[in-house]
Structures are given as C-alpha cells and as structure tokens.
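These are the residues of each chain, in order.
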Amino acid sequence: MKQDNDRRRIKTDDRGSVFLHLANSDMPASERAPERLLKEAQVLLAGGTATTSHTLGEDLREELRKPMADWPSHIPTLVELEKLPLLTAIIKESLRLAYGVMHRLPRVSPDTPIQYGKYTIPSRVPVGMSTYFMHTDPDVFSQPFEFKPERWLGSITPKMLRNYVPFARGSRNCLGQE
Ligand code: HEM
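Below you will find a few notes about this structure. What you see is a predicted model, and the numbers here were worked out from it, not measured in a lab.

1. A look at the overall build of the protein chain
Item 1. The secondary structure content of the protein chain amounts to 7 helices and 2 strands.
Item 2. Its C-alpha atoms give the protein chain a radius of gyration of 24 Å, more than 25% over the compact-globule value 16 Å for 178 residues.
Item 3. Dimensions of the protein chain along its principal axes, counting C-alpha atoms only, are 70 × 55 × 25 Å.
Item 4. A total of 178 residues make up the protein chain; the buried ones form 21% of that total.
Item 5. By sequence separation, contacts in the protein chain at least 24 residues apart represent 47% of the contacts at least 6 residues apart.
Item 6. With an accessible surface of roughly 13300 Å², the protein chain has 60% of that area assigned to carbon and sulfur atoms.
Item 7. Averaging the coordinates of the 25 positive side-chain charges in the protein chain and doing the same for the 22 negative ones gives two points 7 Å apart.

2. Describing the coordination of the iron atom of the ligand
Item 1. Protein coordination of the iron atom of the ligand rests on one atom only, C174 (SG), at 2.2 Å.
Item 2. In this fold, C174 is placed in the segment after α7 (158-163).

3. Considering the nonpolar core
Item 1. Within the largest apolar cluster, 6 residues are counted, these being A89, V140, F141, W152, M160 and Y164.
Item 2. With near-sequence residues (within four places) excluded, W152 lies in contact with A89, K92, E93, R96, F141, M160 and Y164.
Item 3. Counting residues in each nonpolar core, the second largest holds 5 residues, with L60, L84, L86 and I90 among its members.

4. Looking at the site of the ligand
Item 1. Surveying the vicinity of the ligand reveals the residues L95, G100, L105, R107, P166, F167, A168, R172, N173, C174, L175 and G176.
Item 2. Between R107 and the ligand, the recorded distance is 2.6 Å, taken from a side-chain N or O atom to an oxygen atom.
Item 3. Between R172 and the ligand, the recorded distance is 2.8 Å, taken from a side-chain N or O atom to an oxygen atom.

5. Here's the deal with the packing of aromatic side chains
Item 1. For the structure on display, the rule yields 4 aromatic pairs.
Item 2. On the numbers, 6.4 Å between centres and 45 degrees between planes, the contact of Y132 with F145 is tilted. Placement of the pair is Y132 in helix α6 (residues 131-135) and F145 in the loop between α6 and α7, with a sequence separation of 13 residues.
Item 3. In this arrangement the basic side chain of K92 is found over the ring face of W152, its NZ or CZ atom lying 5.0 Å from the centre.

6. A look at the pattern of salt bridges
Item 1. Summed over all chains, the structure comprises 6 salt bridges.
Item 2. Between R36 and E31 there is a salt bridge, and its shortest N-O distance comes to 3.2 Å.
Item 3. Across the salt bridge formed by E93 and R96, the nearest N and O atoms sit 2.9 Å from each other. Here the residue E93 and the residue R96 both occupy positions in helix α5 (residues 85-97), the gap between them amounting to 3 residues, near one helical turn.
Item 4. Residue class for E93 comes out buried when judged on its relative accessible area of 0%.
Item 5. A relative accessible area of 0% places R96 in the buried class.
Item 6. Overlapping salt bridges, with partners in common, bring together E31, R36 and E40 in one network.

Rules used throughout
- Residues numbered from 1 in each chain as written.
- Predicted model: local features only at pLDDT ≥ 70, side-chain atom pairs only at ≥ 80, totals over all residues.
- Heavy atoms only, no water.
- Helix = DSSP H or I, 4+ residues; strand = E, 2+ residues; numbered from the N terminus.
- Rg over C-alpha atoms; globule rule 2.2 N^0.38 Å.
- Buried < 20%, exposed > 50% of the residue type's maximum accessible area, 1.4 Å probe, protein only.
- Contact = heavy atoms within 4.5 Å.
- Areas by Shrake-Rupley, 256 points an atom, 1.4 Å probe, with all protein chains shown as cover.
- Lys, Arg positive; Asp, Glu negative; His and termini not counted.
- Charge placed at Lys NZ, Arg CZ, Asp CG, Glu CD.
- Donors = N, O, S within 2.8 Å, 3.2 Å for Na, K, Ca; no water.
- Core = buried A, V, L, I, M, F, W, Y, C linked by side-chain atoms within 4.5 Å.
- Near = heavy atom within 4 Å.
- Polar contact = N/O pair within 3.5 Å; in protein donor to acceptor, adjacent residues only side chain to side chain.
- Phe/Tyr/Trp six-rings, centres within 6.5 Å; stacked < 30°, edge-to-face > 60°.
- Lys NZ or Arg CZ within 6 Å of the ring centre and 35° of its normal.
- Salt bridge = Lys/Arg side-chain N within 4 Å of Asp/Glu carboxyl O.

Given below as structure tokens:
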C-alpha cells in the first residue's frame, strides 16, 4: 500500500518522462529515492549539454584561431569579430533565448491614433509586445526552445529578423546594444 502511494506521487502529462518511469518502476525503493533521481538528472543534463557544448566550443576555437593569432599584440577589433559567422550565430542565439526582459514593453502614442492593419488604436492606449513570444514563435524559429546557433548560419528569413528583438526597437531601444 505504501509503495502504491509512493508511486502515485509523481505525475506528468501523457508524454511521460525518464523520472516517471524510474519512480514507477519495480526497482527497490532505495533506487527510486530522491537522491538517486537527482544523480540521474545530473548525468542526463551533463550527457546532453557537455558533449554538444564541447563540440561547439572546438568549432568556435577553430574559427577564433586566425583573428587571435597575434594576441596580445593585436587584439581583434569588433569589426573583425563581427565577421566571424559562428561567433555571431552563437551570440545571436544566446540573446534569442536569454533576453533581458520577458514582459511586454508598453509604448504609448500621446496624441495620434495608431493604425495597425484593420485596427485603430486610440491615442494614450498602451501597446506592447513581449520578446518571449516573438523569440519563441514556432512559425518563425523551429524548435524554439532549443539552442541552435546553426539557425543563424543557414538562410535567415525576413520573419526571423523581424521577430528578433533582444534590445527592443524604435526610439526607446537599448542604448547599450552596440
Ligand atoms: C545583453 C545585454 C542587454 C540587453 C538584452 C538589453 C536589453 C534592453 C531592452 C530590451 C531595452 C528596452 C527597454 C524598454 O523598451 O523599456 C533596453 C533599454 C536600455 N538599455 Fe539595455 N540591454 C542590455 C545591455 C545594456 C547596456 C550594457 C547598457 C548600457 C551601457 C544598456 C543601456 C540601456 C538604456 C540606457 C536603455 C533605455 C533606453 C531608453 O529608454 O531610451 N543596456 N535594454
């Protein structure tokens, strides 16, 4: 009975999870204890991240070899670094997923109504869009929650550029972005 209660404690959606199966398995209770599951999570996390980051790191090291060849007598300029496709892609993808502000950034037109498609927004009504929704729109960024720098190395669509706003846009955009 106690075992049944233990097994009912963990619930997930229909997709299930490694932990659901471990916790509901016939393994001895000690094997399903939180400490054991915690260690399993660490292994899974390291297995999925350390490997890919290592490969990516090696590619980046290779790309940086030439511009960094004369370090420290020549420190690469920003213009030189901006020409490196992988470095640029990694920074862009990092900012796509790790934007600073998640909530909407409201703007107000003080005295002129705004025409947005068929909608007329009266003056003094705040309007805003959240970077979160723009950066994770699956129609624009496939597998939006995956860190995939290569999406910036292939064909960059106009929608990707339109939806990419880590520093906001317009007259009140980030002064620090350059
Ligand atoms: C990765 C780093 C950064 C990110 C993601 C970021 C993002 C943003 C965003 C989204 C806004 C717009 C806020 C709004 O619309 O209300 C903003 C505004 C601003 N940021 Fe940044 N920022 C970054 C770094 C910096 C740095 C390093 C500085 C200064 C050296 C800076 C200075 C400012 C200032 C002064 C504004 C206000 C501009 C205005 O209201 O006219 N930011 N930033």
